[in-house]
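Residue-level listing of the chains:
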Amino acid sequence: MLFYSSISSSLSSRLVASRRFLLVAKRKSLMDAENTRVFQTNASSSSSSTSPTTAVATSIVQKKWNPRSSSKKSSLLTSCDSLYSYQPTRTFFGWFGTTNPFLDALGVSSSWKEKSTTTSTASTSTSTSVDGKRPIYYINYTKMRPDDITKAASECQARYLYDLKILEESLGEDDITLCSYDDLVPKLERITRPLTILQNHVALFSMVRKEPDFENALHQANDILQMSHAGAFSDRIYNALVRMEHELQNMSNNASEESKRAVRHLVRQQQRQRQLHGYSITNVKNDDHDPETIQQIKATQQRLRAAQTQFISKSSWTMEEHGKAATPQELIPIMYEISALQQYQSRLLGYDSYLDYSLDYHDAMAKNLQEIEAVHGVFEKLGAVQKFASDDFQSFYLDLRSNASQIIRSSGEYFEFNRVLNELFELCQEMFDIGIREQERDVNGWHRDVRLFHVYRNTDGGMNEEAPMASFYVDPYRRPHKDSGCFMTPLQYKNGDSIPIAAVSFDIRPPVWDDAPIQLDLDQVMNIFHEFGHLLQHILADVKLGAFSGAQNIEEDASEAMSQFMEYWLFEGEVISKILQSSGQSGEGISKDGLDILFQQQKVTKCNELLHRLFLGQLELELSSSFDPHGDESMIALQRKCAERFIPCHVPSKGNIEPLVEIFQNNAYGKCSMQYRYLWSEIMSADAFSAFLEHDGGKLKQGKEFKQVCKQLQKEWIAVGSSVNTSQAYESFRGRGASMDSLIARYSLP
């Protein structure tokens, strides 16, 4: 009988998206913490039209800067367009004017205070030509110092507050009906862009640059960065957005879906934050908060954030890094406190349970507990637990893993990293008409092993290498001061004059010699395909305002669909056999029977994952809905009950609270009641992949039929980002909603 810890360990490399999602969640939770402080400091201004942002910016301008005379300032306020008369010409990253790599790249320097166009001769960026006209600049990470991060945070924050204040005043005091979409939303995106890019980098470096001096600088930068569009705008801007949302909805087909969704995203963001912090607004749930309730909401939020911070700190201790590890006796009381505060906070905000609050907060496709439990119930009724948790099946699983390892070793074959990338790039070229090329020199990454790739659009005449449509960094190897696991994180979103940039990190053992092959196991290969799915969703989103309409804002329970979709391609056709490379020991290659065993191992592993996802999903659902932290049933008893229901073969041993810790860690990072999303995403990904299969025999479509499905996938589902509701986008791709039939068939369930 295996304990939960052993199965969790064997599945950890397969659930690689959790690392990426913790990274993104860390960025969001840090922003929420800062927004909390903004609300607490400026609560007294909530009844007036002056926002916290305006008050802070006014103080900054009066005490520190006066870049314009009163006459110039007056003329500036007459038109929103005047805000951006000072615009560096760049495609992405890059503006000379300082010796700080971040400020160079973000187009923000002290010269903006005087609207100076003087450039420095000391460059900390490298460039390439685009169409022979304007250059593209890249951050030179090799010149980055810890204090560059804090200085960039201070400068970007100050510029953001100043520009936001000017934008607020340009809307006018009384009549906001004259403010159009173009007057406000694109300009909000431009104002927030440098701060957003810097926040993305801070989140990235918190995972890949964990040296003590950098960690201190990153903490200081987080203390500085405060994004008001994720907190509280002035009533003037908020009311303009609310009015604009109603007008766009009434315009029917005359307004683009992206415009509607972008405004809706901003309004909901404002409503959630103001509601959470007791800020006085209308049009939100339970909007008649009295002063006492407002104070209770604030106090509860403070206590909850403090408890979650304490839990994150203690639960992350390891013997290897810290010389100690927290015991269950230390963690369980904190988990009870968090659970009680979550439930109490939800009731104050007008929700029946913390689950209802979470689904609304994340704008999830699932609207209630019953919808999620219905999906879990389908797999139970089909006998998934009885079949996959049986002793015979588990013994078969262990034998397959052992046989697969022996086959690889005896055949002298292995998965080589660069060959994996090449085959993956060829697959993307065939499916999405893109070409991917590596920049061989002057990468200037944050580590010498970091690689830079550019994505180009293929045309009838071949690959257009004059200007990339996207770029991404790859940080492949494990090393000290870098977190383990795999993740993809956006660095910059697409908009009118910027291309998408991203970073992908893997956890590969580095080769002993520079020219030695980089050998991977099957799980690592699947990790690469998985994270590349997230990358494609980011770089192929063809939207105008990526910060508001990009893939990062799609519904949370659809966030893993594209990454799981890409995993299927590894085991279809000849992809896996192409990337197997002989070491020269046998020279015969792996046999067809050997490949069949690899395929069986993958299928059986997925069956174990299904049980794992059902267990964690149901445990979190009950913790956030029906569990009473003051009641008679303990969390440990609830964990055991859910384990006996879904993973009876791997019930956690006494004292093992790893499943609970995983759930509460995710909650603390901002991903609340979202464990079920893996299964929901897999339903969509399996159904999407079935579109590429023939109806008779299940073979891959070929030729024009294959290309037609690829075009539909990219146009209707991927390119729209979050500018269209995910359910609506998927229906446009498939002509119907996602069906569970394909996933059920893959598990060979009746």
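Above this note sits the structure.
Every value quoted in this text rests on a predicted model; they were computed, and no experiment measured them.

(A) Summary view of the overall build of the chain. Tallying secondary structure elements over the chain gives 29 helices and 11 strands in all. A separation threshold of at least 6 residues defines the contact pool for the chain, and within that pool the share at least 24 residues apart is 77%. For the chain, the computed accessible surface area is about 30700 Å², with 47% contributed by carbon and sulfur atoms.

(B) View of helix α19 (residues 522-539). The terminal C-alpha atoms of α19, which comprises 18 residues, lie 26 Å apart, in line with the 26 Å expected from a rise of 1.5 Å per residue. By the criterion of burial, α19 is predominantly enclosed, with 18 of the 18 residues buried. Looking at where α19 begins, the residue whose side-chain oxygen comes 3.2 Å from the main-chain nitrogen of D523 is D521.

(C) Local environment of the packing of aromatic side chains. Tallying each qualifying case throughout the model produces 33 aromatic pairs. Plain terms: the ring middles of F417 and F506 are 6.4 Å apart, the flat faces sit at 75° to each other, and that makes the pair edge-to-face. Taken together, the positions of F417 in helix α18 (residues 417-432) and F506 in strand β9 (residues 501-508) put the pair 89 residues apart, joining distant regions of the chain. For F417, a relative accessible area of 0% puts it in the buried group. Centre to centre, the rings of W569 and F706 are 6.1 Å apart; their planes meet at 85°, and the pair counts as edge-to-face. With W569 in helix α21 (residues 561-570) and F706 in helix α27 (residues 703-718), this pair connects stretches of sequence that are 137 residues apart. Residue classification places W569 among the buried positions, given a relative accessible area of 2%. The buried category is assigned to F706, whose relative accessible area is 6%.

(D) Spatial organisation of unusual backbone geometry. For D433, which is not glycine, the phi dihedral falls at a positive 55°. By the secondary structure assignment, D433 is in the loop between α18 and β4 (434-439). Backbone geometry places H481, a non-glycine residue, at a positive phi of 65°. Take H481: it is sitting in the loop between β7 (470-477) and β8 (487-492). Classification of H481 by relative accessible area gives partly exposed; the value is 41%.

(E) The environment of S742, seen in detail. Assignment of secondary structure puts S742 in helix α29 (residues 741-746). S742 sits in the buried class, given a relative accessible area of 16%. Taking C-alpha positions, S742 is 7.7 Å from I683, a pair spaced 59 residues apart along the chain. In this structure, S742 is in contact with A686, D687 and S690, ignoring residues within four places of it in sequence.

(F) Layout of the packing of helix α26 (residues 677-690) against helix α28 (residues 726-734). Put simply, α26 and α28 touch, their axes get as near as 11 Å, and they point 20° apart. In terms of orientation, α26 lies roughly parallel with respect to α28. In the packing of α26 onto α28, the handedness of the crossing is left-handed. In contact with M684, D687, A688 and S690 of α26, α28 contributes T726, Y730, F733 and R734. Partitioned by chemical class, the residues of the contact of α26 with α28 number 4 nonpolar, 2 polar and 2 charged.

(G) Region of interest: the packing of α18 against α27. Look at α18 against α27: their axes get within 8 Å of each other, and the N-to-C directions meet at 85°. The angle between the axes of α18 and α27 places the two elements in the roughly perpendicular class. Residues E430, M431 and F432 of α18 form the contact with α27, whose own contacting residues are F706, K707, C710, L713, Q714 and I718.

(H) Spatial organisation of the pattern of salt bridges. Counted under the stated rule, the structure contains 30 salt bridges. E438 is the salt-bridge partner of R451, the closest N and O atoms lying 2.8 Å from each other. Residue R451 is found in strand β5 (residues 451-459), and its partner E438 is found in strand β4; the two are separated by 13 residues along the sequence. Relative accessible area serves as the criterion here: at 16%, R451 is assigned to the buried category. A salt bridge links K701 to E705; its shortest N-O distance comes to 3.9 Å. In this structure E705 comes out as partly exposed when scored by relative accessible area, which is 40%. Among the charged side chains, a salt-bridge network with shared partners connects R145, D147, D148 and K151.

(I) View of the pairing of β7. For β7, a buried count of 8 out of 8 residues is recorded, marking the element as mostly surrounded by other parts of the structure. Where β5 lies against β7, 5 bridges are found, and the strand directions are antiparallel. What sits directly across from H454, in β7, is S471. Pairing geometry for β7 and β9, over 6 bridges, is parallel. Note that in β9 the partner of Y473 across the bridge is A503.

(J) Focus on the environment of F415. Counting through the fold element by element, F415 comes out in strand β3 (residues 413-416). On the basis of relative accessible area, F415 is assigned to the buried category, the value being 2%. With 105 residues separating them in the primary sequence, F415 and L520 have C-alpha atoms 5.1 Å apart. With sequence-adjacent residues up to four places away left out, F415 is seen in contact with I408, V420, I518, Q519, L520, D521, L522, V525, I576, I579 and L580.

(K) The side chain of Q439, seen in detail. Considering the arrangement of structural elements, one finds Q439 in strand β4. A distance of 2.8 Å separates polar atoms of two side chains, one belonging to Q439 and the other to H454. Other than its neighbours up to four places away in sequence, Q439 contacts Y138, L452 and H454.

What counts as what
- Residues numbered from 1 in each chain as written.
- Predicted model: local features only at pLDDT ≥ 70, side-chain atom pairs only at ≥ 80, totals over all residues.
- Heavy atoms only, no water.
- Helix = DSSP H or I, 4+ residues; strand = E, 2+ residues; numbered from the N terminus.
- Contact = heavy atoms within 4.5 Å.
- Areas by Shrake-Rupley, 256 points an atom, 1.4 Å probe, with all protein chains shown as cover.
- Expected span 1.5 Å × (residues − 1).
- Buried < 20%, exposed > 50% of the residue type's maximum accessible area, 1.4 Å probe, protein only.
- Polar contact = N/O pair within 3.5 Å; in protein donor to acceptor, adjacent residues only side chain to side chain.
- Phe/Tyr/Trp six-rings, centres within 6.5 Å; stacked < 30°, edge-to-face > 60°.
- Axes fitted to C-alpha atoms, helices over the stretch in contact; angles between N-to-C directions.
- Parallel < 35°, antiparallel > 145°, perpendicular 65-115°, else oblique.
- Left-handed = near helix turned anticlockwise from the far one by under 90°.
- Nonpolar A, V, L, I, M, F, W, Y, C, P; charged D, E, K, R; others polar.
- Salt bridge = Lys/Arg side-chain N within 4 Å of Asp/Glu carboxyl O.
- Pairing = 2+ DSSP bridges.

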